[in-house]
Amino acid sequence: MSPSAANDSTGSGVDPVVNGVSEIENVIIVGAGPAARYGIQPLIIDDRHDKTTTGRADGLQPKTIETFKQLGIAESLLKKGVKIYDICFWNSDAQTPLHRTRREIHYPPEVDLKDPFVLLVHQGMIEDVFLEDLRERSVDVSRGTPFVRYSFNDDLKLPLNVVCQDTKFGVEKTLRSKYLVGCDGARSMVRASIPGAEMIGDSTRAPWGVLDGVIETDFPDLWSKVVIHSEEKGTILCIPRERNMTRLYIELNPRMHDVLSSEASSQEFVMQRAKEIIAPFKLSWKSVEWFTVYKVGQRVSNRFRDESGRIFIAGDAAHTHSPKAAQGMNVSMHDSFNLAWKLNLTIRDLALPSLLETYTYERRKIAEDLINFDFEHANAFAEGDSNALAANFAANVAFISGIGAKYAPNVLNSGISNETGCLQPGSLLLPTRVTRYIDANPVDLQLDIPLLGQFRIFFFTSNPHFSKDFLSTISSHLTSTNSVLGRSSVAAAKSYDLLNTHFSKSDEFAQPQRYTAVSKIFTPVLVTEMRKEEIEIADLPLMFRRSCWTFYMDDRPGVKQSCTEKWVGGVNENEVVMVNVRPDGYVGFINRWDNSQGDRACEALDVYYGGFLRG
C-alpha cells in the first residue's frame, strides 16, 4: 500500500498525479485504532505520530475474544491479559464502615459463552496485534496525516477527493478513494464533514478520573472487578490489569454541585479522592503509567453514513458512552467487522446496494441499545446502589458479553423462526462442540471456520445417505451458474485473482484455502449424527467432497445437548435443516426441508442471496 497523492498546498480538490498516474484507493480509513482486517487492502491514515502505548480502552468481552480467535490473533492477548470472572460490591455510609455487600459471577452459566470472562489488556497491546497482522499483509498506517475534508466530483461516479494534512511538510494533499470510513474518535472530523450529522444525547455528566498503575493496598479484592461506593466521597471502579497494574475509575464530583476546578482535575487530587473512598484500607502507588479525566455522556450520531452511501463512521465517531462496562472498544470493533465484509463485497462489485444499506440499520440500533443500558448503568454507579447495579448488569449481561447483540429483520436476516433450537435470524451462533471428520479433532463449531469474508451454509442431517438426493441437488445447483451463489462465485474468483490480500506467515498455519475450495463467497458445512466409521468423504456429493475440512460429526460424548439439538432442535432421518450464517457470524436464514424438497431449497437460497448479491 502506498498513498498516491502528491502535495496539494491549495487544497483545491484537484486529483493528484504521481509519475503521470493517478491511483485510486478502494477505501480510506481515518483512524488507526483496532479495526477489521479481512477483505481488500485499505489506505489507513491517522493524525497521531505514534501508536497507543498506554491506557485508553482495556476490556475485551467474550464475543470479541471469539472474533479474535477466528481472525487468528487472540493467542498473545490471552497469554498476557488478566481474566475477570467475578465482580464484588463494597459500600460505606455515615453509620457503617466500608464492607463487602455481595459477590457475583461476572458471566453466570445461563449466559451461554465459550469464554465467560472479560480479558483486560490496554488498547496499545490490542493495536499492536492488529498492526502486526496488517504488516504481514503489506498494509501500513500513514501517521501524522490528519483528515481535513472530502469532496465529490461533478460526476458522482468518480472517486472521492479526500484532503488530509501532511504534518511533516506542512501542506495539504489530496487522495482519491471509492469509499471513506471515519474511525477517528469522539471528535471525528469525518462525522463533522457529513452534512446534517450530529451527536444526539447527553454530553455533560459527572467527571471521573482514571489511573493505571501498580498500587500497594491491603484491600482484599484487588484481583476481582470491584465497585466501591462511599456515600460521602463517591465511587471507585477497580479493575485488575496486565503487568501487576490496577485501573481505578474515580468519581470526582459525586454531588454535582459545582463545576470541577482545574486543581480538582489534577492527578494528586484524584489519588487523594481514591484514598478517601477506599478508607479505612490503605492505598498508595508504586508507579502510574496513565492518567486522565473524562466526563460521562451517552450520545449517538443521527447518521452513520452520508447521503451518497460512500462515507461511513464507526466506533466513537458514531457513539460515545461511559467506559465502566467495557463496551466502547468492543462495540466499535464490531461496527468495523459489520462494515468491512459488506464493503469488501461491494468494492468487488459482487453486492447490490441493499447490502451496504444494512450497516446503518444494524449498527445504529446496537449503539442505541448500548447508550440506553449505559445510562442506567452509569447512574447506578454514581448512586452506589449495589442492588440496582447488579440488577441492571444481570438484565443486560448477554448484551454486555456481545453474544446478546441482535439485529432486526432485514434483507440479510430473514426466514422462519427456529422454534425448537437456539439459533434465530439476526442472532449470533452459540458455543457447541463437534468432531471434525477429516482429522478427528474435537472443535468448537462456531469458531472452527476462520473469518474470510464468506457466508457459511450449514446442512444438518441425521444421515447423509438418507439425504443423498437433497444434498446432490444442492451441490449441483450451488456450483452451477444457474444459481445466484454459483454466478457470484465465478465473479468472485475473477475479482480475487485481480485484487487480493497478501498471503501472510500466519496463513501458512491457518491454511485458508481449505475453506475456499468451493467458492470465495460461501463455505458449505455438513453436520451429521452418524459415526465416522459409517461414512466416507467419497460418499458425499461433489461440493461437500471438495469442502472436506468442513464435514463434522455431531458425536461429542458427555455433552448436555448435541450440536444439532441445541442449534436447530434436532433433525429426523427424513429432513435437512439449513442454516445460512453471515461472514460476521450472525445467522441470516434458517429453514427445514424434507429430503424430497431439494429443488425448493435451491429456490429459497436464490431468493435469499438474490436480495443482496449481484449473481
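Because the structure is predicted, anything quoted here is derived from the model rather than measured.

This next bit is on the overall build of the protein chain. When you go through the protein chain residue by residue, the secondary structure sums to 15 helices and 28 strands. Computed over its C-alpha atoms, the radius of gyration of the protein chain comes to 26 Å, within 12% of the 25 Å expected for a compact globule of 615 residues. Expressed as lengths along the three principal axes of its C-alpha atoms, the size of the protein chain is roughly 75 × 65 × 40 Å. When each of the 615 residues of the protein chain is scored for burial, the buried share is 59%. Within the protein chain, contacts between residues separated by at least 24 positions form 73% of all contacts whose residues are at least 6 apart in sequence. With the model as given, the accessible surface of the protein chain reaches about 24,900 Å², and the carbon-plus-sulfur share is 49%. One way to put it: in the protein chain the 67 positive side-chain charges average out to a point 2 Å from where the 78 negative ones average out.

Bringing the sheet that holds strand 20 (residues 319-320) into the picture now. Strand order in this open sheet of three strands is 12-18-20, and the pairing throughout is antiparallel. With one partner strand each, in any of the chains shown, strand 12 (199-202) and strand 20 form the two edges of the open sheet. Of the strand pairs in this sheet, strand 12 and strand 18 (residues 298-301) are connected by four bridges, and their pairing is antiparallel. Note on strand 18: the bridge partner recorded for Asp 202 is Gln 298.

This part is about the side chain of Thr 360. Among the secondary structure elements, Thr 360 is positioned in helix 7 (residues 353-383). Among the residues examined, Thr 360 registers a relative accessible area of 17% and is labelled buried. Those residues in contact with Thr 360 that sit more than four places away from it in its chain are Phe 304, Arg 305 and Lys 365.

Next up on the list: the pattern of salt bridges. On inspection of all chains with the given rule, the structure shows 40 salt bridges. With its nearest N and O atoms 4.0 Å apart, the salt bridge here joins Glu 66 to Lys 63. Of this pair, Glu 66 and Lys 63 both sit in helix 1 (residues 62-71), three residues apart, which is roughly one turn of that helix. The partner of Lys 365 in a salt bridge is Asp 369, with the nearest N and O atoms 2.9 Å apart.

On to unusual backbone geometry, then. In this chain, Ala 279 is followed by Pro 280 through a cis amide linkage whose omega measures 15 degrees. Of note, Pro 280 is situated in the loop between helix 5 (267-278) and strand 17 (283-295). Of note in this structure, Arg 243 is not a glycine but carries a positive phi near 55 degrees. Within the element layout of this structure, Arg 243 appears in the loop between strand 15 (234-240) and strand 16 (246-251).

On to the sheet that holds strand 5 (residues 86-92). Judged by pairing direction, the sheet is mixed, and its seven strands sit side by side in the order 6-5-14-15-16-13-17 without closing on themselves. The open sheet terminates on both sides in strands that have one partner only, identified here as strand 6 (99-105) and strand 17. Adjacent strand axes in the sheet meet at a mean angle of 20 degrees when their direction is disregarded. The pairing of strand 15 with strand 16 spans five bridges and is antiparallel.

Moving on to empty space enclosed by the protein. A full pass over the atoms with the stated rule returns eleven cavities of 30 Å³ or more. Approximately 140 Å³ is the volume attributed to the second largest cavity.

Tracing the chain through its elements places Asn 410 in the loop between helix 8 (386-401) and strand 21 (414-415). The exposure class assigned to Asn 410 is buried, which follows from its relative accessible area of 19%. A polar atom in the side chain of Asn 410 sits 3.1 Å from the backbone nitrogen of Asn 413. Among all residues touching Asn 410, those that are not within four sequence positions of it are Thr 358 and Glu 362.

Turning next to helix 6 (residues 328-347). Count 3.6 residues to each turn of an α-helix, and residues three or four apart come out pointing the same way. Here helix 6 contains 20 residues, and its C-alpha end-to-end distance of 28 Å stays within 8% of the 28 Å for a straight helix at 1.5 Å per residue. Where burial is concerned, most of helix 6 is hidden: 20 out of the 20 residues are buried. After helix 6 finishes, the residue Asp 349 shows a positive phi value of roughly 60 degrees.

Let us look at the pairing of strand 5. The element strand 5 is extensively covered by neighbouring structure, given that seven of its seven residues are classed as buried. In this sheet, strand 6 lies alongside strand 5 in antiparallel orientation, the contact comprising six bridges. By the bridge assignment, Asp 86 is partnered in strand 6 with Ile 105. Connecting strand 5 to the next strand, strand 6, in antiparallel fashion are six residues. As paired strands, strand 5 and strand 14 (residues 225-230) are joined by six bridges and run parallel to one another. What sits directly across from Trp 90, in strand 14, is Ile 228.

So, on to the nonpolar core. Within the largest apolar cluster, 65 residues are counted, with the highest numbers of intra-cluster contacts made by Phe 459, Val 579 and Tyr 609. The leading source of residues in this core is helix 15 (residues 598-610), at six residues. When residues of this core are sorted by domain, at least three fall in each of domain 1 (24-73 + 123-200 + 299-401) and domain 3 (427-611). Core analysis: the second largest hydrophobic core is formed by 39 residues, Ile 28, Ile 29, Ile 40 and Ile 194 among them.

Turning to the packing of aromatic side chains, a few remarks are in order. According to the stated counting rule, one finds 22 aromatic pairs in the structure shown. Plain terms: the ring middles of Phe 458 and Trp 567 are 5.6 Å apart, the flat faces sit at 80 degrees to each other, and that makes the pair edge-to-face. Pair noted here: Phe 458 is in strand 24 (residues 455-461) and Trp 567 is in helix 14 (residues 563-568), with a separation of 109 residues, a long-range link. Assessed through its relative accessible area of 0%, Trp 567 is described here as buried. Geometrically, the ring pair formed by Tyr 608 and Phe 612 is edge-to-face, given 5.2 Å between the ring centres and 80 degrees between the ring planes. Accessibility classification places Tyr 608 together with Phe 612 in one group, the buried group. Of the aromatic side chains, those joined through ring pairs into one cluster are Trp 341, Phe 455, Phe 589, Tyr 608, Tyr 609 and Phe 612. In this arrangement the basic side chain of Lys 520 is found over the ring face of Tyr 496, its NZ or CZ atom lying 5.3 Å from the centre. Taking the ring centre of Tyr 437 as reference, the NZ or CZ of Lys 532 above it sits at 5.0 Å.

The rules behind these values
Residues numbered from 1 in each chain as written. Predicted model: local features only at pLDDT ≥ 70, side-chain atom pairs only at ≥ 80, totals over all residues. Heavy atoms only, no water. Helix = DSSP H or I, 4+ residues; strand = E, 2+ residues; numbered from the N terminus. Rg over C-alpha atoms; globule rule 2.2 N^0.38 Å. Buried < 20%, exposed > 50% of the residue type's maximum accessible area, 1.4 Å probe, protein only. Contact = heavy atoms within 4.5 Å. Areas by Shrake-Rupley, 256 points an atom, 1.4 Å probe, with all protein chains shown as cover. Lys, Arg positive; Asp, Glu negative; His and termini not counted. Charge placed at Lys NZ, Arg CZ, Asp CG, Glu CD. Pairing = 2+ DSSP bridges. Salt bridge = Lys/Arg side-chain N within 4 Å of Asp/Glu carboxyl O. Axes fitted to C-alpha atoms, helices over the stretch in contact; angles between N-to-C directions. 1 Å grid on protein atoms, 1.4 Å probe; cavity = no way out; pocket = protein on both sides within 12 Å on 5 of 7 lines; lining within 4 Å. Points joined across faces, edges and corners; volume = space filled by probe spheres on them. Polar contact = N/O pair within 3.5 Å; in protein donor to acceptor, adjacent residues only side chain to side chain. Expected span 1.5 Å × (residues − 1). Core = buried A, V, L, I, M, F, W, Y, C linked by side-chain atoms within 4.5 Å. Domains from an automatic or database assignment. Phe/Tyr/Trp six-rings, centres within 6.5 Å; stacked < 30°, edge-to-face > 60°. Lys NZ or Arg CZ within 6 Å of the ring centre and 35° of its normal.

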